[in-house]
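Coordinate analysis (summary)
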Amino acid sequence: MNGRATPHGRLADATGLPVTIANEDFWRALYSLWRPLPLERRREALHRLGREWGLLHARRVDRLAQDQHQATLREVELQIALERLSDSLGTLGLGRFDVDLSPHQRGLIQIHHHDCPLPEILGAEEEPWCDPVAGLHAGFLSYLSGRQLAAVEIHCGRASGEACRFLVGTESQLEGLRPGEGTAPGPDRD
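Keep in mind it's a predicted model, so treat the numbers as computed, not measured.

**Quick look at the nonpolar core**
The biggest cluster of nonpolar side chains holds 39 residues, and the ones touching the most others in it are Leu73, Leu85, Leu141 and Leu144. Of all the elements in the fold, those that place two or more residues in this core are α1 (24–34), α2 (39–69), α3 (78–91), β4 (109–114), α4 (118–122), α5 (131–145) and β6 (164–169). Broken down by element, this core gets its largest block of residues, eight residues, from α5. Setting aside anything within four residues of it in sequence, one finds leucine 144 in contact with Leu73, Arg74, Leu78, Ala81, Leu82 and Leu85.

What follows is the structure, encoded as structure tokens:
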């Protein structure tokens, strides 16, 4: 033996549910499967994948919250629920996020996702890469609100230390905000 700990081949969360880690090879393989599709179709599929992932992940985090704190994510304050979800992403190597409720008067929520690994892993400047993460946030907030929501990336944090920004709302609220469909709100236009 070389003195290193031998992995057991199985990871689990605090409730005993299996956990897998998807490294950059997984993400590159996933995108290579979708690359031949037209951009809009690919973006829609990756957003749907992220949304379903977000719903399932929120349920997992909810089970952990119930086991640890005897309260569901929907029963605690929104900020606490969002912090638990953000912390859960950090343990998966997917960065962290915070929420800006200032566009709330228009029925929208802005997410600032820090340290998203996808732009660095996938790297091309010409394409948006964070559609699964947009969907993930739509799934989280759909779960918490009990409504079907969508998300659109309004800024990709490609530079080191720069956050990706997403708007979350209903499909009709987000209409025209997707890249190529009009001007997305920037930091001065929210």
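**Considering the pairing of β4**
Most of β4 is tucked away, with six of its six residues classed as buried. Burial along β4 is two-sided: Ile109, Ile111 and His113 and Gln110, His112 and His114, pointing in opposite directions, are all buried. When strand β3 (residues 96–100) meets β4, the two strands line up antiparallel, connected through five bridges. Following the sheet pairing, valine 99 is matched in β4 by isoleucine 111.

**Section: the packing of α2 against α3**
With their axes 10 Å apart at the nearest point, α2 and α3 run at an angle of 110° to one another. By the angle between their directions, the pair α2 and α3 is classed as roughly perpendicular. Of the two elements, α2 crosses α3, and the hand of that crossing is right-handed. Every residue of α3 that contacts α2 at His57, Ala58, Val61, Ala65 and His69 is listed here: Arg84, Leu85, Ser88 and Leu89. In terms of residue class, the contact of α2 with α3 is made up of five nonpolar, three polar and one charged.

**Thoughts on the sheet that holds β6**
The sheet built from four strands is open, its strands ordered β3-β4-β6-β5 with antiparallel pairing. Only two strands of the sheet have a single neighbouring strand rather than two, namely β3 and β5 (150–155). Strand after strand, the sheet turns through a mean of 30° between neighbouring axes, direction not considered. Against the sheet, α3 touches β3 and β4, its axis set at about 155° to β3.

**Description of the confidence of the model for the protein**
Averaged over every residue, the pLDDT of the protein is 83; residues scoring 70 or more account for 85%. Predicted confidence for residues 180–190 stays below pLDDT 50, and this span has 20 contacts to residues more than four positions away or in other chains.

**Some details on the packing of α1 against α2**
Direction vectors running N to C along α1 and α2 enclose 140°, while the axes themselves pass 10 Å from each other. Between α1 and α2, the interaxial angle falls into the category oblique. Of the two elements, α1 crosses α2, and the hand of that crossing is right-handed. On α2, the residues that touch Trp27, Leu30, Tyr31 and Trp34 of α1 are Arg42, Ala45, Leu46, Leu49 and Trp53. When grouped by side-chain class, the residues that make up the contact of α1 with α2 number eight nonpolar, no polar and one charged.

**Re the pattern of salt bridges**
Inspection of every chain in the model, using the stated rule, returns three salt bridges. We note a salt bridge from aspartate 131 to arginine 43, for which the minimum N-O separation is 2.8 Å. Of this pair, aspartate 131 sits in helix α5 while arginine 43 sits in helix α2, and the two are 88 residues apart along the sequence. Taking the relative accessible area as the measure of exposure, aspartate 131 reaches 7% and is therefore buried. Classification of arginine 43 by relative accessible area gives buried; the value is 8%. Across the pair glutamate 44 and arginine 48 runs a salt bridge whose closest N-O atoms are separated by 3.7 Å. Of this pair, glutamate 44 and arginine 48 are both found in helix α2, four residues apart, which corresponds to roughly one turn of the helix.

Criteria and cut-off values
Residues numbered from 1 in each chain as written. Predicted model: local features only at pLDDT ≥ 70, side-chain atom pairs only at ≥ 80, totals over all residues. Heavy atoms only, no water. Core = buried A, V, L, I, M, F, W, Y, C linked by side-chain atoms within 4.5 Å. Buried < 20%, exposed > 50% of the residue type's maximum accessible area, 1.4 Å probe, protein only. Helix = DSSP H or I, 4+ residues; strand = E, 2+ residues; numbered from the N terminus. Contact = heavy atoms within 4.5 Å. Pairing = 2+ DSSP bridges. Axes fitted to C-alpha atoms, helices over the stretch in contact; angles between N-to-C directions. Parallel < 35°, antiparallel > 145°, perpendicular 65-115°, else oblique. Left-handed = near helix turned anticlockwise from the far one by under 90°. Nonpolar A, V, L, I, M, F, W, Y, C, P; charged D, E, K, R; others polar. pLDDT = per-residue confidence, 0-100. Salt bridge = Lys/Arg side-chain N within 4 Å of Asp/Glu carboxyl O.

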